[in-house]
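Notes for the structure review
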Amino acid sequence: MKRSKMNCIIIHGCASRSENDQRERTYNKHWIPWIRSKLNSLDIETQTPLMPTPWQPDYSKFKEAFKKSKITENTILIGHSCGCAFLVRWLGETKQKIRKLILVAPWKIPKRNDPRNVLYDYIVDETIKTRVSDIVMFTSDDEEEDGKKSLKIFHEALDGKVIELKGRGHYTLEDMGTEEFPELLKEIIE
């Protein structure tokens, strides 16, 4: 299958507070723009839709915004943090077949009184693994404990390949110290 027939959609994580200035959004400050640029240069059409009010997410609004994305059996879906929870829930509800699902620092553990918890309250549909050709999950040796527990929830339900890198934290610019994420690029194009 030619790469040019593939497309990729990356769903960012959820900020902890309102970030009104687009240039200041945390998910525009790390690997997402870098990977989008790399994939587009390889003729893999890549979109990074902006989800509505991610500091106070609403699953139905995320879903409505996501409808604008073209999803086929040749699509690669990538989520970061709570974006992973959204994608897994969406795949479970829609029963959509895709080429690859990549979860980067997946999160599913609710924190007390956190408005982002609405994205985490569902049971992972284990049949997703029958409709997705390849599932990869990235974690780090220094990820928070709830991040490790979240990874375990997703991995137990979906299987797939787990890649643990050293010193990447929650895969943000602050934790990684770089915008480049060559390990992700490798997993996408393999």
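The rules behind each value
- Residues numbered from 1 in each chain as written.
- Predicted model: local features only at pLDDT ≥ 70, side-chain atom pairs only at ≥ 80, totals over all residues.
- Heavy atoms only, no water.
- Axes fitted to C-alpha atoms, helices over the stretch in contact; angles between N-to-C directions.
- Helix = DSSP H or I, 4+ residues; strand = E, 2+ residues; numbered from the N terminus.
- Parallel < 35°, antiparallel > 145°, perpendicular 65-115°, else oblique.
- Contact = heavy atoms within 4.5 Å.
- Disulfide = S-S within 2.5 Å.
- Buried < 20%, exposed > 50% of the residue type's maximum accessible area, 1.4 Å probe, protein only.
- Pairing = 2+ DSSP bridges.
- Phe/Tyr/Trp six-rings, centres within 6.5 Å; stacked < 30°, edge-to-face > 60°.

Axis separation between helix H2 (residues 59–66) and helix H3 (residues 82–94) bottoms out at 11 Å; the angle between their running directions is 75°. By the angle between their directions, the pair H2 and H3 is classed as roughly perpendicular. Contact residues: Tyr59, Phe62, Lys63 and Phe66 in H2; Phe86, Leu87, Arg89, Trp90 and Glu93 in H3.

Take the state of the cysteines next. A complete count under the given rule lists one disulfide for this structure. Covalently, Cys14 is tied to Cys82 through a disulfide, its sulfur atoms 1.9 Å apart. Residues Cys14 and Cys82 are joined by a disulfide whose S-S torsion is about 85°; by sign, that bridge is right-handed. Within this pair, whereas Cys14 is found in the loop between strand S1 (7–11) and helix H1 (31–41), its partner Cys82 is found in helix H3, the two being separated by 68 residues in sequence. Overall, Cys14 belongs to the buried group, its relative accessible area being 12%. Here Cys84 is not disulfide-linked; the sulfur of Cys82 is the nearest cysteine sulfur, at 8.4 Å.

The subject of this paragraph is the sheet that holds strand S6 (residues 161–165). Taken together, the six strands give an open sheet; going across it, the order is S2-S1-S3-S4-S5-S6, and neighbouring strands pair in parallel fashion. Every other strand in the sheet has two partners, leaving strand S2 (45–47) and S6 as the edge strands with one partner each. Across the sheet, the axes of successive neighbouring strands diverge by a mean angle of 15°, strand direction being ignored. Across five bridges, the pairing between strand S5 (residues 132–140) and S6 is parallel. Each bridged residue has a counterpart across the sheet, and for Ser140 the counterpart in S6 is Leu165.

For the rest of this paragraph, the subject is the packing of aromatic side chains. For any pair of aromatic rings, the description rests on two quantities: the centre-to-centre distance and the angle between the ring planes. Taken as a whole and judged by the stated rule, the model has eight aromatic pairs. With a centroid separation of 5.3 Å and 85° between ring planes, the pair formed by Phe66 and Phe86 is classed as edge-to-face. One end of the pair, Phe66, is in helix H2; the other, Phe86, is in helix H3, with 20 residues separating them in the sequence. When its relative accessible area of 1% is taken as the criterion, Phe66 is described as buried. Aromatic pair Phe138 and Tyr171: ring centres 6.4 Å apart, planes at 65°, arrangement edge-to-face.

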